[in-house]
Amino acid sequence: AFPSWTRLARSLDKAGFRDLLEKALKIVFLAGLPIVVGGIILGEGLITLLYGPEYLPTVTSFRILLLSIVLNYPATIFGNALFAYDQQKSFIKYAAIGAIGNIIFNALLIPFWGIAGAALSTIVTQAVSNAFFWRKMKQMNEFSIVDKLGKALLASLVMGIFVYALYWQGVNSLLGIALAIPVYFAILYWLKEPLVADIKALIYARTSH
């Protein structure tokens, strides 16, 4: 998306830039939300399966850090979009705020909660840094994304219930993930999520050449 954003920014096509930005953000949330929901539910089973029961104390940290997915994915989009507007200084400033904040919160939280405190520190500082990215991008080009995530949230919730039911029945976590993926996209398709049609059309266009 970055070359297109650069071209649109230079041509002052704010509407085109905004449309592409919203689609990119929607795609990363569509990808990130089910990973977070499924990972939180299956965290204990995945850790046990992949690393053994002796690593179960890391489950809390793993679940906390999963939230970074819905912070880092859009942060990457915002970073590229700001670069397209020649806002590198703003990006560096906000990234520095996050880095300094991480040091401060680590010092405050690790003595009390150990590795879980470090994980929580990461999430808090990423959220603060992302809030600055979000605000700056709004100033550059007024976009809207929260109101477009209803179907992704609903699909993630239903998929989460499905995954929890499998986990409660003792189904292997990796098998649960394999079954959850088509369920999630089937729900999006049933809800008529427009991006699913866009992705389907893109795949068809590529395979037809």
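Residues numbered from 1 in each chain as written. Predicted model: local features only at pLDDT ≥ 70, side-chain atom pairs only at ≥ 80, totals over all residues. Heavy atoms only, no water.

On to the pattern of salt bridges. Per the counting criterion, the structure on display carries 4 salt bridges. A salt bridge links Glu22 to Lys148; the nearest nitrogen and oxygen atoms lie 3.7 Å apart. Placement of Glu22 in helix 2 (residues 14-51) and of Lys148 in the loop between helix 5 (88-140) and helix 6 (150-168) is noted, with a sequence separation of 126 residues between them. We classify Glu22 as buried; its relative accessible area is 13%. (Salt bridge = Lys/Arg side-chain N within 4 Å of Asp/Glu carboxyl O. Helix = DSSP H or I, 4+ residues; strand = E, 2+ residues; numbered from the N terminus. Buried < 20%, exposed > 50% of the residue type's maximum accessible area, 1.4 Å probe, protein only.)

Now for helix 2. With 38 residues, helix 2 extends just 48 Å between its outermost C-alpha atoms, more than 12% less than the 56 Å of an ideal straight helix rising 1.5 Å per residue. Helix geometry: helix 2 is bent most strongly at Leu42, by close to 65 degrees. Downstream of helix 2 by one or two residues, Gly52 has phi in the positive range, about 100 degrees. (Expected span 1.5 Å × (residues − 1). Bend = angle between axes of the 7 residues up to and from the residue.)

It is worth spelling out the layout of surface pockets at this point. What the largest pocket holds in volume is close to 320 Å³. As for the largest pocket, its lining consists of 19 residues, of which Ala31, Pro34, Ile35, Met159 and Ile181 are closest to the centre. Contributions of two or more residues to the lining of the largest pocket are made by helix 2, helix 6, helix 7 (173-190) and helix 8 (194-207). A breakdown of the residues in the lining of the largest pocket according to their chemical character gives 17 nonpolar, 2 polar and no charged. (1 Å grid on protein atoms, 1.4 Å probe; cavity = no way out; pocket = protein on both sides within 12 Å on 5 of 7 lines; lining within 4 Å. Points joined across faces, edges and corners; volume = space filled by probe spheres on them. Nonpolar A, V, L, I, M, F, W, Y, C, P; charged D, E, K, R; others polar.)

Before going further, it helps to spend a moment on the environment of Val37. If you trace the backbone, Val37 turns up in helix 2. Residue Val37 is classed as partly exposed on the basis of its relative accessible area of 26%.

Each aromatic ring pair is specified by the distance between its two centres and by the angle formed by the two planes. Scanning the entire structure with this criterion turns up 11 aromatic pairs. Consider the rings of Tyr94 and Phe133, whose centres lie 5.8 Å apart with planes at 80 degrees: the pair is edge-to-face. Each member of the pair, Tyr94 as well as Phe133, is classed as buried. Among the aromatic residues, those joined into a cluster by ring pairs are Phe83, Phe91, Tyr94, Phe132 and Phe133. Sitting over the ring of Phe143, Lys138 keeps its end group 5.0 Å from the ring centre. (Phe/Tyr/Trp six-rings, centres within 6.5 Å; stacked < 30°, edge-to-face > 60°. Lys NZ or Arg CZ within 6 Å of the ring centre and 35° of its normal.)

Here the focus is a nonpolar patch on the surface. A cluster of nonpolar side chains, contributed by Leu49, Leu50, Tyr51, Tyr55, Leu174, Ile177, Ile181 and Phe185, occupies part of the molecular surface with about 780 Å² of accessible area. Those elements giving two or more residues to the nonpolar patch turn out to be helix 2 and helix 7. Among the elements that make up the nonpolar patch, the one with the highest residue count is helix 7 (4 residues). The topology assignment puts Leu49 in helix 2. (Patch = residues over 30% accessible without salt bridge, like charges linked within 9 Å, V, L, I, M, F, W, Y side chains within 5 Å. Areas by Shrake-Rupley, 256 points an atom, 1.4 Å probe, with all protein chains shown as cover.)

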